[in-house]
Amino acid sequence: MTTPYAELHCLSNFTFLRGASHPEELVQQAADLGYRALALTDECSLAGVVCAHRAIKEENLPLKLIIGSEFHHDSGLYVVLVTGRAAYAELSTFITQCRRQAEKGHYTFDPAKLISLQHCLLLWQPAEQCMLPQLALLIRHFQQRLWLLGERTLDEFDVHHYIDIARWAEIFDLPVVAASNVHMHHPSRQSLQDCLTAIRMNQPVHQIKHRLYANAERHLRSLKKLSHLYPEHWLQESIIIAEKCTFNLDEISYLYPTDSVPDGLCARKYLKDLVEKGEAIRFPDGTPQSIQQIIDKELRLIAQKKYEHYFVTLYDIVQFARSKNIMCQGRGSAANSVVCYCLFLTEVNPQEVQLLFERFISEERHEPPDIDIDFESQRREEVIQYIYQKYGRERAALAATVIRYRPRSALRDVAKALGVSTAEQDRIVARYAGRYHGSEWMDHVYPDTDQSPLTQRLRSLTQDILGFPRHLSQHVGGFVIAEGCLHELVPVENASMKERTVIQWDKDDLETLGLMKVDILGLGMMTAIRRSLNHLGMQISDIPREDPATYKMLQKADSVGVFQVESRAQMNMLPRLKPACYYDLVVQVSIVRPGPIHGDMVHPYLKRRNGQEAADYPLPELRPILERTHGVPLFQEQVIAFAMVAADFTASEADQLRRSMASWRKKGHMHRLQNRLRENMLKNGFSEAYIERIQRQLEGFGEYGFPESHAASFALLVYLTAWLKCHHPGVFLAALLNSQPMGFYSPAQLINDARHHQVVVHPVDVNHSHWDHEALPDGSVRLGLRLVKGMNQDAALRLINARPDTGYKTISDCTQASLLNRKEREALASSGAFGALSEHRYHARWQAAEPCTGSYQPDLLETITHTAPWELSAPDEIDNLLEDYQSLGVTLGRHPMEVLREQGLLGNSVTAEGLKQLKHGDESYISGIVTCRQRPGTSAGVTFITLEDETGCSNIVVWLATAKRQLDTLIHARLLQVYGKVEQDPESGITHMIAYRLLDLSGSLERLKVQSHDFH
C-alpha cells in the first residue's frame, strides 16, 4: 500500500515561461494520481490559484488546494505555504511588497523579511554554500513552521543533493518533506518546458543546453514511484503539512468601500435619498406608478444583497467626472436598472426599453453587479487618478488581463526558440491566415508534405503553447476597490505604465471570488460628442429626439463616422432595416451580430417588421416579451424572460441558461438546460417545430447574443452622432479628427466623406491653424497643426503664441519667433503650411532650411549659409499629392484614383458611382484604394472589402474559395482592381460586386502611404 502524499512545490504556467502546464491540468492530474493535496506555488505570484480553485469546484475533484509561492535567493529556494486566512493575507502582502519594489515582471526578495510572516509555513532548500547571516533568526522565528525541502530529480546531482539535505537536517535539527519541484503535469511536456526556457532566455535551445533540465522528472509522479524515491517519513511530512493548511479561497470576504457615504448616514438611506433626488430630475412630471414599483423592488433587492455601497461608489465617480465636464455613460446590464437611471449611471430611459432587473441582479446570484462606464478616452486618466487619490494605492488597483499565446506569437516564439532564422520566421508567420483556414490553419502553415523532424517539432510545440499565459497586462479599465487593504485580498504589482498598479487576477477570477470590479472604460466617441456639443454650446438634452432628417440619412447608409453603424455590415443592414425611431437603432446595433445571424433571426425579423410575415405568440404571456421584436428573441433579456414564462424556469435558472449559452458546446451543460427547456415547453403545449426553432436561436446566442441593455446604451450614442453628422457635419468632422485615434476610418477617409457632403476643408496654415482642427462659423473646417507629421504640441503652441494678430509676413519671421528647429521647419514646409508665405512647397522648404537665430541649440550644419543660385521649379500635381500623403496622411487636392484614371493606369474600371448605374448581373472592372477589410465570423468565410475612389466607396464581396486562391493579393494589396459580377438589392438599394478576380495595382501607389482598416 502506498503512502499518502501531498505535492507542496508546484509551478503552473503562471510562472511565465517556466511552468509547462495549466493550473487546471495540474489539479486534474493530481486528483487522478490520488494525491491528497496540491500546493500551487508559482514564483512570487498567486496569479494561477483561482484557475485551480475554479477547476476543483467545477469538476468536484477530491483534492485540497494549498496556496503558496516560491522565492529565489543566493541562499537557496524558499517556499511559503498558507495555513489560514491570516496567513493568506500575510503572503499576499509579502508578494505585493516584493513586486512593488521592482519593475514590472520582476521582484525583490530578502529572506530576512520573511520574519514578517507570523502564520505561514516555510519550506527551505539551502544553496550548496549557504551563508545566510539571519539563518539562526529565521529558524527561531519559524519554530515548528519550518521544513527542509527534499527534492529528487534523478539527474547527475541527485545523490549529492540527497546527501546534502540529510546533512542540513541533522545540523539544524529540522524535519524534511518530500516534493518534486513540479513544472508540468505530465512528462510529455518536457520539450515544451525546454522551449519555454529558450524563449525566456531569448536564445535558441541549442545554445542553452547547459540551462535545460536533464530529464522530465519535474512532473506529477505516481504514488508508487514516489514511495520508491523518498523515505516514508518524508512523504508523511507532506500530509502533516497539508493538514495544517486549511485555507480555502472561498473564505475571502470582500467588503465594499464605504468612503462615499457621508459620515453619520446609513448607506441604505443615503442611496434612497440619491434615487429620490434623481427621480425628480428624470421624471419632472412625477414618477409613473409602474416605474415607482420597479424602483421599490430594486431598492429592496439591493438592500437584501447589501450592494448599497457599490452603487454609491459608482455614483461618486460619475459625479466627479461630470463636475469636471467629462462626458460619461454607463452601458451593459446596468441599463436594466431604474435605480442606475436615477443615479445618472446610465442614460437609458426605462420607458423606452423593456427592463429585466434579473439580468443585472438576481436574488439567487451571489456575485456583485457589473456596471461598465464609458468616459471620454482623452480624459479617462483624470478619473483613474481620482480613484487612486481617493482610495490610495493600498485600496485600489486595476484588474489584470492575462496575455496568452495566439497563433502569430506562438509561431514566432517557437520558431525562434528552435533556432529558425529571422527570415524563415517571417515566412512562417506570413503563411498564417487563420481567418481563411479556420481550425485547419496549422496545416497551411506546416503542410503535410513537409515531414522533416524540425517542422514536426515546430508544429507540435506551437500547438502545445497556444493559450499559454505569456504575461500579465493591465485591464482596459477594470478597477478593484476595497474597504481595507487590497493587497490582503490579492497581490498588487506595478504596471508598465507609470502611476498604475495592477492586481494579479483577471476579471474571470474576480467574478469567481465575488470581488467588485468597476469598469472605467475609455470611449473615443465620447470625446468627439463632448467636443461637438461644447462647440455648439449645447447639452445632450438640447438635441431633438426622433429627428426625421437624421433617420433619413441613416436609411441611406450615410453613416461614415457614426458610432457603431459605420462598419460595412452595419451599412448593408441600414437600408434593409430602415430605422425610423430610437428602438429601431437598438435593434440595428444588435442584429448585425453573430448570435442573431447564426440563430437565423435576421430574416424572420425583417420579414415580420416589413409586414411580409406574421409574428406568432404561442402563449399570450409571451406577447409582452417578444412583441417589440415581432416574436423573434433578439436579446439576452428576452431569453431569460422567455424561459421563465414558457418553460417555468426560475430567474436564477433562466440566468444560468443565458450564461451557459457562451459555452454551450462544453461538457453538455447547454444540452442539459436545453432538454429541460424542451420538456417544460412540451408540457406547456408548444409545438415541436416552435421548440426546434427557439433552440436553434438559443444556439445562435451561444456564438454571441447581445443584451438589450447594452444595445440601448449604444443606440443613444448612435443617434447623437448621427444627428451631429446630419446637421453639423463640419463640427462633427473637426471633433472626430481631434479625437483620433478612434473609430473605423482614417482622417483621410473622414475628410473625403465630409467633402462629399459639401464641407469645405481648408489646409494647414501657419497663419490660421491652431493645434486642433477647427470648425469655422461658415460650416467649413480648418485643419490643425496636429495633423503635421514631425510637429509636436509644444512646437505648435510656440508658433501659435508668437503669431502676430496680422499673421506672419515671412517664413523667417515665423521660424525665428517660434524658435522652430530644423525638423519642425521642414515638417511645416512639406505639409504646405507655409503656402501663403511662399510660391510653392519647394520654395518654402528652401527658405525653411535657412538657419534661424535664437537661444536654442542649432542643428548640425545649420551654420552653413543656404542660398538658391537658381529658380526652383514648382512641384507638379503628383508631387504635391505625394507630399500631402507623406507629411499629412491626407490630400485636399484631387483624389489619387482620379489622377491614376486620367493617366490610363486603371484600364476600363468603372467608378464607385458608375458601379451603381450598372444592371444586376453585369460584369465589370472596378478599382480603388483599399480602406477596409472585414471577415466577420458570421458570414461563412466571406471577406468584405471597401474600395475608395474619387466618387465614393464601393462594396466588394469575396467568397472563401476566391479568397483562398488569391489570398496574398487579398490581404496585402493597397490599390486593388476587381473583376466581378454586380449584385443589386432592389428593396434596400444596396449595390455590391461579387469578386471573381483580384489584381494588385499597389505599385501605382508606391510612394503613397495609404493604410487600410483591416479585420476589425
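Just so it is clear, the structure is predicted and the values come from calculations on it, not from any experiment. (Residues numbered from 1 in each chain as written. Predicted model: local features only at pLDDT ≥ 70, side-chain atom pairs only at ≥ 80, totals over all residues. Heavy atoms only, no water.)

**Student:** So what exactly am I meant to see when it comes to the nonpolar core here?
**Tutor:** Across soluble globular proteins, you tend to see nonpolar side chains buried next to one another. Within the largest apolar cluster, 141 residues are counted, with the highest numbers of intra-cluster contacts made by Phe71, Leu81, Leu114, Phe311 and Trp505. At 9 residues, helix α11 (residues 308-323) tops the list of elements feeding residues into this core. Val718, Val764, Val766 and Tyr808 belong to the second largest nonpolar core, which has 96 residues in total. (Core = buried A, V, L, I, M, F, W, Y, C linked by side-chain atoms within 4.5 Å. Buried < 20%, exposed > 50% of the residue type's maximum accessible area, 1.4 Å probe, protein only. Helix = DSSP H or I, 4+ residues; strand = E, 2+ residues; numbered from the N terminus.)

**Student:** Please clarify how the packing of aromatic side chains should be interpreted in this entry.
**Tutor:** How two aromatic rings sit relative to each other is given by the distance of their centres and the angle of their planes. Considering all chains together, one arrives at 29 aromatic pairs under this definition. Both rings, one in Tyr925 and one in Tyr979, keep their centres 4.8 Å apart while their planes meet at 45°; by these two values the pair is tilted. Remark: Tyr979 occurs in strand β21 (residues 975-984) and Tyr925 occurs in strand β18 (residues 923-934); sequence separation between them is 54 residues. Residue classification places Tyr925 among the partly exposed positions, given a relative accessible area of 27%. An aromatic cluster of at least three residues, connected via ring pairs, comprises Phe71, Tyr78, Phe94, Tyr107, Phe109, Trp124, Trp168 and Phe172. Cation over ring: Arg282 sits above Tyr341, and NZ or CZ is 4.0 Å from the ring centre. Above the face of the Tyr583 ring, Arg628 is positioned so that its terminal group lies 4.2 Å from the ring centre. (Phe/Tyr/Trp six-rings, centres within 6.5 Å; stacked < 30°, edge-to-face > 60°. Lys NZ or Arg CZ within 6 Å of the ring centre and 35° of its normal.)

**Student:** Would you mind going over the environment of His727 with me for this structure?
**Tutor:** The residue His727 is located in helix α31 (residues 708-727) in this model. The residues touching His727, leaving out its near neighbours within four places in the chain, are Asp547, Ala549 and Thr550. In terms of polar contacts, His727 uses its side chain to reach the side chain of Asp547, at 2.6 Å. (Contact = heavy atoms within 4.5 Å. Polar contact = N/O pair within 3.5 Å; in protein donor to acceptor, adjacent residues only side chain to side chain.)

**Student:** What exactly am I supposed to notice about a nonpolar patch on the surface here?
**Tutor:** A cluster of nonpolar side chains, Val159, Tyr162 and Ile163, forms an exposed patch at the surface whose accessible area comes to about 280 Å². With respect to the secondary-structure elements, Tyr162 resides in helix α5 (residues 158-172). Exposure remark for Tyr162: the relative accessible area of 31% places this residue in the partly exposed category. (Patch = residues over 30% accessible without salt bridge, like charges linked within 9 Å, V, L, I, M, F, W, Y side chains within 5 Å. Areas by Shrake-Rupley, 256 points an atom, 1.4 Å probe, with all protein chains shown as cover. Salt bridge = Lys/Arg side-chain N within 4 Å of Asp/Glu carboxyl O.)

**Student:** Can you walk me through empty space enclosed by the protein in this structure?
**Tutor:** Vacant regions in the atomic arrangement are exposed by a probe of water-molecule size rolled over the atoms. One pass over the full model with this rule turns up 3 cavities of 30 Å³ or more. If you add up the space inside the largest cavity, you get close to 100 Å³. Counting only elements with at least two residues in the lining of the largest cavity, the list comes to α32 (729-738) and α33 (747-756). In terms of residue count, α32 provides more of the lining of the largest cavity than any other element does, 4 residues in total. Residue composition of the lining of the largest cavity, grouped by class: 7 nonpolar, 2 polar and 2 charged. (1 Å grid on protein atoms, 1.4 Å probe; cavity = no way out; pocket = protein on both sides within 12 Å on 5 of 7 lines; lining within 4 Å. Points joined across faces, edges and corners; volume = space filled by probe spheres on them. Nonpolar A, V, L, I, M, F, W, Y, C, P; charged D, E, K, R; others polar.)

**Student:** What am I meant to see in the pattern of salt bridges here?
**Tutor:** Where side chains of opposite charge bring their charged atoms close, a pairing between them can arise. In the structure shown here, the tally under the stated rule is 45 salt bridges. Arg427 is the salt-bridge partner of Glu424, the closest N and O atoms lying 2.8 Å from each other. Within this pair, Glu424 and its partner Arg427 are both found in helix α15 (residues 422-430), separated by 3 residues, close to a single helical turn. Its relative accessible area of 47% is what places Arg427 among the partly exposed residues. Note that Arg894 and Glu902 form a salt bridge whose closest N and O atoms lie 2.9 Å from each other. Salt bridges sharing common partners tie together Arg608, Glu613, Asp616 and Arg693.

**Student:** Help me understand the sheet that holds strand β9 (residues 372-376) in this model?
**Tutor:** The strands making up a sheet are joined through hydrogen bonds of the backbone, oriented either antiparallel or parallel. Strand order in the open sheet formed by 7 strands is β8-β9-β14-β11-β10-β13-β12, and the pairing between neighbours is mixed. What marks the edges here is a single partner per strand, and that holds for β8 (328-331) and β12 (492-494). When the angles between neighbouring strand axes are averaged without regard to direction, this sheet yields 45°. In the sheet, strand β10 (residues 396-404) pairs with strand β11 (residues 469-481) via 8 bridges, with the strands oriented antiparallel. Bridging across to β11, Arg404 finds its partner in Pro469. (Pairing = 2+ DSSP bridges. Axes fitted to C-alpha atoms, helices over the stretch in contact; angles between N-to-C directions.)

**Student:** In this structure, what is going on with α33? I would like to understand it.
**Tutor:** Three- or four-residue spacings in an α-helix give side chains the same orientation, since the helix completes a turn every 3.6 residues. A large share of α33 lies buried, amounting to 7 of its 10 residues. By the burial criterion, the buried members of α33 are Ala748, Gln749, Leu750, Ile751, Asn752, Asp753 and Ala754. At its buried positions, α33 is contacted by α31, α32, β15 (761-762), β18 and β19 (943-949). In the segment just after α33, Gln758 is the residue with positive phi, at about 65°.

**Student:** Which parts of the structure should I look at to understand the sheet that holds strand β7 (residues 176-179)?
**Tutor:** In spatial order, the strands read β1-β2-β3-β4-β5-β6-β7; together these 7 strands make up an open sheet with mixed pairing. Only two strands of the sheet have a single partner each, and these edge strands are β1 (6-10) and β7. Neighbour to neighbour, the strand axes of the sheet diverge by 30° on average, direction disregarded. Relative to strand β5 (residues 121-126), strand β4 (residues 76-81) runs antiparallel, the two sharing 6 bridges. Counterpart to Leu81 in the pairing with β5 is Leu121. Packing of helix α8 (residues 232-244) onto the sheet brings it into contact with β1, β2 (37-40), β3 (64-73), β4, β5, β6 (146-151) and β7, and relative to β7 it is tilted by some 90°.

**Student:** Explain the confidence of the model for the chain to me, please; I cannot follow it from the model alone.
**Tutor:** As a note on interpretation, predicted positions should not be read in detail where pLDDT is low. The predicted model of the chain has a mean per-residue pLDDT of 87, with 91% of residues at 70 or higher. Every residue in residues 664-669 is under pLDDT 50, and counting partners more than four places away or in other chains gives 8 contacts. (pLDDT = per-residue confidence, 0-100.)

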